[in-house]
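Here's the letter readout for the chains.
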Amino acid sequence: MPAPPPKSVEALRSDARSQALAGTQLPTGELVRRMLALTWKFRMGCVRAVVAQMLLLTLALSGLKLSGIGIDVIHHAISPDAPPPRWPFGFAPPGQWTAMQQVLALVTGILLFALVRVGLGYINTLLQERLVQDIVVHLRASVYDKLQRLSFRFYDANESGSIINRVTGDVQGVRMFVDGVIIQGTNLLLSLSFFLVFMLSIHKTLTLFCLATTPFLFTSALIFSRLVKPAYWTNRKLFDTAILRLSENVQGVHVVKGFARQKQEIEKFSVVNSAVKDQKQFIFWCISFFTPFTGLLTQINLAVLLFYGGYLVLAHQQDPKEGISLGEGLWVFAGLLQQFSGQIAALANITNSVQQSLTAADRVFGVLDAPVEIESKPDAMPLPRAQGRVTLENVSFGYKPEDRVLHEVSFDVQPGQCVAIVGATGAGKSTILSLMPRFYDPDAGRVLIDGHDLRDVNLDDLRRNIGLVFQENFLFSNTIANNIAFGHPSATRAQIEKAAKIAAAHDFIMAMPKGYDSLLEEKAGNLSGGQRQRLAIARALLLDPAVLILDDATAAIDPQTEHEILTAMDNAMRGRTTFVVAHRLSTLRRSDWVIVLENGRVVQTGTHDELMRIGGHYGKAAKLQLADAESIRLLGMDPADPPASTTPLAQPFEGGAA
Amino acid sequence: MSRLSAPTSMNTKLKTLTVKSENEEIEVEERPLDFRLILRLFRYTRPHARKRNTLLAIVVVRSVQLPMLAWLLAEVIKGPIAHFKPIPDILYGALTFLAFAVFTQVVFHFRMRFAQELGEAVVHDMRRDIFTHLQALSMSFYNRTKLGRIISRMTSDTEAVRAGVQDVLFVSMVQIGQGLVAAGFMLYYDWRLFLLLLGLAPIIWGISSYYRKRLGHAYRVIQESFSRVTSTLAESVSGIRVTQGFVRQEVNARMFARLVEDHSAVNMIRAKHTGGLFSLLDLNSQLFTAALLATGGYFILVSSAGDHASQFEQYGNLFLFFAMSNLFFEPFRVLGAQYNAALTAMAGAERVFSLLDTQPDFIDPPDAIELPPIQGRVAFDNVQFSYQPDRKVLNDINFKVEAGKTIALVGHTGSGKTTIINLIAKFYLPTAGRITIDGHDITSIRTESLHKQMGIVLQINFLFTGTIMDNIRTGKPGATDEEVVEACRKLDVLDLIAALPEGFNTQVGEGGRSMSLGQRQIVCFARAMLANPRILILDEATSSVDTMTEARIQKALSVLLKGRTSFVVAHRLSTIQQADTILVLDQGWIVERGTHRQLLATGGVYASMYRKFIHASRA
């Protein structure tokens, strides 16, 4: 089997952090009840699996029994001392049959059983896998479906690695409860009883003697997994550290080389590398102790069987009513013993499976039970096409209740206006924007669209009315066309191209080898920052939204490419209410008015020109980006600022929607 | 071995959220056995020769031991028990068996432990070599190699090698040995029955190699399909804002449900193969029990009728055959898997060795001198450079910089700014021309001694996992906490660092993700400040920081640049205006040089760029 792919570095880090993250912590009883309910849902599959398993076992034991009788038949035929074979259930062959004929009859029986077993075994494997797959598909689809709907608070509180793991690993953990605990457990208990009854039917004391080591076997299997599992876990973490060292060394190669830090880096790596190796020695010791040890326990059983069983064979020869025969007794018993030991070790594994599936269940049901905070009310108002008036009334909000990010923010934006929001990192700019598509609900106050409280409006309608362009726009690894049409999968190519043209993206898309069908790499690595941004704008425009939100769309772009986006943004804003978070003067000047935030409060509002005149923070900060008078003079340009009337304020409704 | 063509999934027309780019190169998973590679791998066991040689001896012992144990078991049954010998005889037999079993398991312990320790030791050494070698490799290597690839060398490839070292050789030797010894035993006791078994061997071989191929293929398809599941998941989680903002939840959920079903269908195929393999192997063992009974019975009851001694002898042999046959058949099942592991190990080893064989673009000449403490004069003398032979990135670059001056490099993307600072940092050597520092040709000095007097701050503002304190200290290992604080005080950023959750002890996430851009820049400035280099190289971040932090950064920057020769790929107006010289680059040529005022007055390229900027901000 191929080795699992290396974990991504991000996954490594988030693994470490998500350890600390407590899930919903359902009580164990509740978890077991939920998993039993899941088992009940797939009960037919479970019953089938158990029945098939028991049939297989019966067939296997019957085959073993037949071969044992065969040995006895031959023994009896060649040794007058040996007592005649005992046939089960009175199936004795006709008296005139020779020993050879009896052997052949038995062989035919063995072959028949074997053939049935092949078919049944094959079907059983498929049935079991079908069951497992049904459960996994069911769980994965429901967990994913729920994840898609969960509010952002859930995503804020959980690392992405841990969320992904819930759909991949944890779902398997829950599934394991059904096939690894319930089915496997039932199978084991049933088959152990089968074995036990079979062995007891051969000889009671022999069974007792031979199974004397069983408790040791069980305990040692248990101890082994308790010792080795945490050790493996520790080793995995150590190795993750080593890989983190490597990946940082590579990513920070400029720093390492530039500051000549190679020697220190080699030392740092060598420490973790050796730690991994040293810690492994314990694991190796455990494995290489327990594996031979359990092997030896089975062989002790065999030795006991040889001695006491041998004695019983002797006794049987003296008195056919006493002891056991060589074939159907001793030989069959040896076969049973070997399988019995295997089952005991498997039993110990079940206790681990229970533990694992409980942990996994907590995380899976944690998702399935998580409340969807933000949903449409049952009687929500449809909003096919908003006009675009956005009002905030005394809005206060915090991601954590004790930690307010916004304090009593109020403003009223008329349809078609363009509003710039400025402020330092953490002032609350992005938070205000995320209230508008109802990614969060305010703790106090109201957000209104066209005069309706957002909470009364159909959520999907609301969001379809709002176009979003984020600071870092996530594009999916799919074709350009599919990315633009993300919000409207059935859009025609003409619609897609139209949006791309408005976003000034059409030309660079057509310059790509496959045009709109070009595939984006992961995180759109094959596009420049400006190109990604323009695709995101096109994606937002395709919905022809009444409200457009541009969260720092030019932040990650160098000044040379900025003007490409500015054109796109100008085109996009026309005829829509637009909210822009920006730092660049060039963007700020385009707005009808500016809201200055400080620590979650609105401290200044007004047009750019007004704010520049008043001075204050805004004026001071903006001047940093202004060309100084000296430079302007040297260039021979007009030193005066252009009049405010040339800004788009005067034409809010001009130009229809795209 | 014939390769089955791998369809990517059950259903190639499946509509999914993410599509894997087809030009992603795929690394081969197997490689034919290659003597050179094996020899080189073997060399890695040399430092652990004692363990390796002990193992080889143990392996020989074990391949005799296992059949011996089976033989003992059979002997006790066919001898004392079947002949109804008195109790002491049976006890003696059982005890001998037990004693030998203990011996076998003790040997087994050493066989397991030594093999694993040897494998781990080799993997450890290999990882050490990879890491050490990576430190010597040139920047061009890092530019063309994806991080994921480098990590695979250290993870999956060394793991494949481990399996090769600790299992393939030793397991195969034990298997072959035990198979041969078992065959010898059987041949000795009853050659006719042995021939019968031999006839079954090709069937087992055929069954297991048939299914092994199909299973190998199925696992590959499963992995591919699973990687589609996880990549869709990863993007769904990262893109959740987009999904909910654009109301795509239901469409995505439907696509994902189909993807998961597709994945499960591939798993069913694997189940079909494992089901087939195991039930057929099981059938085979039943088949040979039946065959032994029938044939053995015939030989005993019919052929040897009357010859009592011979009958008894053959009857006893039946037990021996039952016990031996497993040992004889096991290699047929196991060796195939070991062969596959060997091929995988070859592929892993080949990739690791080819990384270790990658040569740096340049190494310091043996007579390279230690750069004495410099003042910081830098000169470019007809410097040319190209990353690829046919595409020149820099043409005839000439300039002289006096110690302590600030040089701003200005120009469009691709004009050659970054290349110039890469050359000053000696990340690359010029294709033609000379770069001198304080008159020393850059090629004649030890690179490390140059880097020790140089500070670098790049756009990505890379921070290592650890505290802020540790990160700043990277600039000067061994610096005291006071020195670090002092460097920050000089930059006047102590309050910004104090504002972090735990001040200097704040833990930084990988790549500094948990900190804002402005904060990361400040830490990188402090790192360079602490190093107190004579030459500073700075690639200004293009991303804009919020206006309030911007003022602080500009201030800190001017402190950092003061008094050292600084080369700045500049995006900030303030930086450009304060520079002693601006070099304007266009397509690898210096097209203008001078101060801000001089260049504006000249009215050339720079002036028109600046004019555009003013227009944009006036809009």
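What counts, and at which threshold
- Residues numbered from 1 in each chain as written.
- Chains lettered and ligands numbered in written order.
- Predicted model: local features only at pLDDT ≥ 70, side-chain atom pairs only at ≥ 80, totals over all residues.
- Helix = DSSP H or I, 4+ residues; strand = E, 2+ residues; numbered from the N terminus.
- Buried ≥ 20, exposed ≤ 12 C-beta atoms within 10 Å, placed from the backbone.
- Core = buried A, V, L, I, M, F, W, Y, C linked by C-beta atoms within 7 Å.
- Contact = placed C-beta atoms within 7 Å.
- Nonpolar A, V, L, I, M, F, W, Y, C, P; charged D, E, K, R; others polar.
- Pairing = 2+ DSSP bridges.
- Axes fitted to C-alpha atoms, helices over the stretch in contact; angles between N-to-C directions.
- pLDDT = per-residue confidence, 0-100.
- Expected span 1.5 Å × (residues − 1).
- Bend = angle between axes of the 7 residues up to and from the residue.
- Parallel < 35°, antiparallel > 145°, perpendicular 65-115°, else oblique.
- Left-handed = near helix turned anticlockwise from the far one by under 90°.

**Comments concerning the overall build of chain A**
Phase 1: A tally of helices and strands in chain A yields 22 helices and 10 strands.
Phase 2: Within chain A, buried positions represent 45% of all 658 residues.

**Comments concerning the nonpolar core**
Phase 1: Counting 125 residues, the largest nonpolar core has A:Ile484, A:Ala503, A:Ile537, A:Ala538 and A:Ile549 as its most contacted members.
Phase 2: Counting residues per element, this core draws most heavily on helix α6 (residues 160-202) of chain A, which supplies 11 residues.
Phase 3: The contacts of A:Ile484, once residues within four sequence positions are left out, are A:Ile496, A:Ala499, A:Ala500, A:Leu535, A:Ala538, A:Arg539 and A:Leu542.
Phase 4: Counting 120 residues, the second-largest nonpolar core is a separate cluster that includes B:Ile150, B:Phe385, B:Ala531 and B:Ile582.

**Regarding the environment of A:Leu106**
Phase 1: Along the chain, A:Leu106 falls in helix α4 (residues 99-149).
Phase 2: Judged by the 27 C-beta atoms lying within 10 Å of it, A:Leu106 falls in the buried class.
Phase 3: C-alpha of A:Leu106 to C-alpha of A:Glu328: the two residues are 222 residues apart in sequence and 12 Å apart in space.
Phase 4: Those residues in contact with A:Leu106 that sit more than four places away from it in its chain are A:Leu66, A:Ile69, A:Gly70 and B:Leu293.

**Regarding the interface of chain A and chain B**
Phase 1: Taken together, the 141 residues of chain A in the interface contact 143 residues of chain B.
Phase 2: Element by element, the count of residues in the side of chain A that touches chain B is highest for helix α10 (residues 262-318) of chain A, at 30 residues.
Phase 3: Residues belonging to the side of chain A that touches chain B are distributed by class as follows: 80 nonpolar, 38 polar and 23 charged.

**Some thoughts on unusual backbone geometry**
Phase 1: Of note in the backbone geometry, A:Ala260 takes a positive phi value of approximately 50 degrees without being a glycine.
Phase 2: Its location among the elements puts A:Ala260 in the loop between α9 (253-258) and α10.
Phase 3: Positioned with a positive phi, B:Val247 is a non-glycine residue whose angle comes to about 55 degrees.
Phase 4: As for its position among the elements, B:Val247 is in the loop between α7 (240-245) and α8 (249-303).

**Focus on the environment of B:Gly276**
Phase 1: Counting through the fold element by element, B:Gly276 comes out in helix α8.
Phase 2: A residue is classified by how many C-beta atoms lie within 10 Å of it, and B:Gly276, with 20 of them, is buried.
Phase 3: Measuring from C-alpha to C-alpha, the distance between B:Gly276 and B:Pro86 comes to 47 Å, with 190 residues separating the pair along the chain.
Phase 4: Those residues in contact with B:Gly276 that sit more than four places away from it in its chain are A:Tyr122 and B:Tyr211.

**Description of the sheet that holds strand β8 (residues 577-581) of chain A**
Residue and element names in this part refer to chain A.
Phase 1: Pairing in this open sheet of 6 strands is mixed, and the strands run β6-β7-β8-β3-β9-β10 from one edge to the other. Across the chains shown, the open sheet's two edge strands, defined by having one partner strand only, are β6 (466-469) and β10 (601-606). The mean inter-strand angle of the sheet, taken between neighbouring strand axes irrespective of direction, is 20 degrees.
Phase 2: Relative to strand β7 (residues 547-551), β6 runs parallel, the two sharing 4 bridges.

**Some points on the sheet that holds strand β10 (residues 565-569) of chain B**
Residues and elements named next belong to chain B.
Phase 1: Here we have 6 strands laid out as an open sheet, ordered β6-β9-β10-β3-β11-β12, and mixed in their pairing. Bordering the open sheet on either side are β6 (454-457) and β12 (589-594), each of which pairs with just one other strand. Strand-to-strand twist of the sheet, defined as the mean angle between neighbouring strand axes without regard to direction, takes the value 15 degrees.
Phase 2: In the sheet, strand β3 (residues 406-410) pairs with β10 via 4 bridges, with the strands oriented parallel. Of the residues in β10, the one forming a bridge with Ala408 is Val568.
Phase 3: The strands touched by helix α10 (residues 417-424) within the sheet are β3, β9 (535-539), β10 and β11 (581-586), with β10 carrying the most contacts at an inclination of about 150 degrees.

**Description of the confidence of the model for chain A**
Residue and element names in this part refer to chain A.
Phase 1: Confidence in the prediction for chain A averages 82 pLDDT; 89% of positions are at 70 or higher.
Phase 2: Confidence drops under pLDDT 50 across residues 1-23; counting only partners more than four residues distant or on other chains, this segment forms 40 contacts.
Phase 3: Throughout residues 640-658 the model reports pLDDT below 50, and contacts reaching past four residues in sequence, or to other chains, amount to 26 contacts.

**Focus on the pairing of strand β2 (residues 403-413) of chain A**
Residues and elements named next belong to chain A.
Phase 1: Of the strand pairs in this sheet, strand β1 (residues 390-400) and β2 are connected by 7 bridges, and their pairing is antiparallel. For Phe397, the partnering residue across the bridge sits in β2 and is Leu406.
Phase 2: Remark: 2 residues form the turn of the hairpin made by β1 and β2, two consecutive strands paired antiparallel.

**As for helix α9 (residues 308-357) of chain B**
Phase 1: Counted at 1.5 Å a residue, the expected span for α9(B) with its 50 residues is 74 Å, and the 72 Å between its end C-alpha atoms agrees.
Phase 2: Along α9(B), the sharpest change in direction is near 35 degrees and occurs at B:Met324.

**A look at the packing of helix α6 (residues 191-238) of chain B against α9(B)**
Packed helices, taken two at a time, are described by the angle between their axes plus the distance between the axes.
Residues and elements named next belong to chain B.
Phase 1: Where α6 meets α9, the closest approach of the two axes is 10 Å, and the angle between their N-to-C directions is 30 degrees. One way to sum up the angle between α6 and α9 is to call them roughly parallel. In terms of crossing hand, the pair formed by α6 and α9 is right-handed. For the pair formed by α6 and α9, the contact residues are Leu193, Leu197, Ala201, Ile204, Trp205, Ser208, Ser209, Arg212 and Gly216 on the first element and Phe321, Ser325, Phe328, Phe329, Phe332, Arg333, Gly336, Ala337 and Asn340 on the second.
Phase 2: For the contact of α6 with α9, a count of residues per class yields 10 nonpolar, 6 polar and 2 charged.

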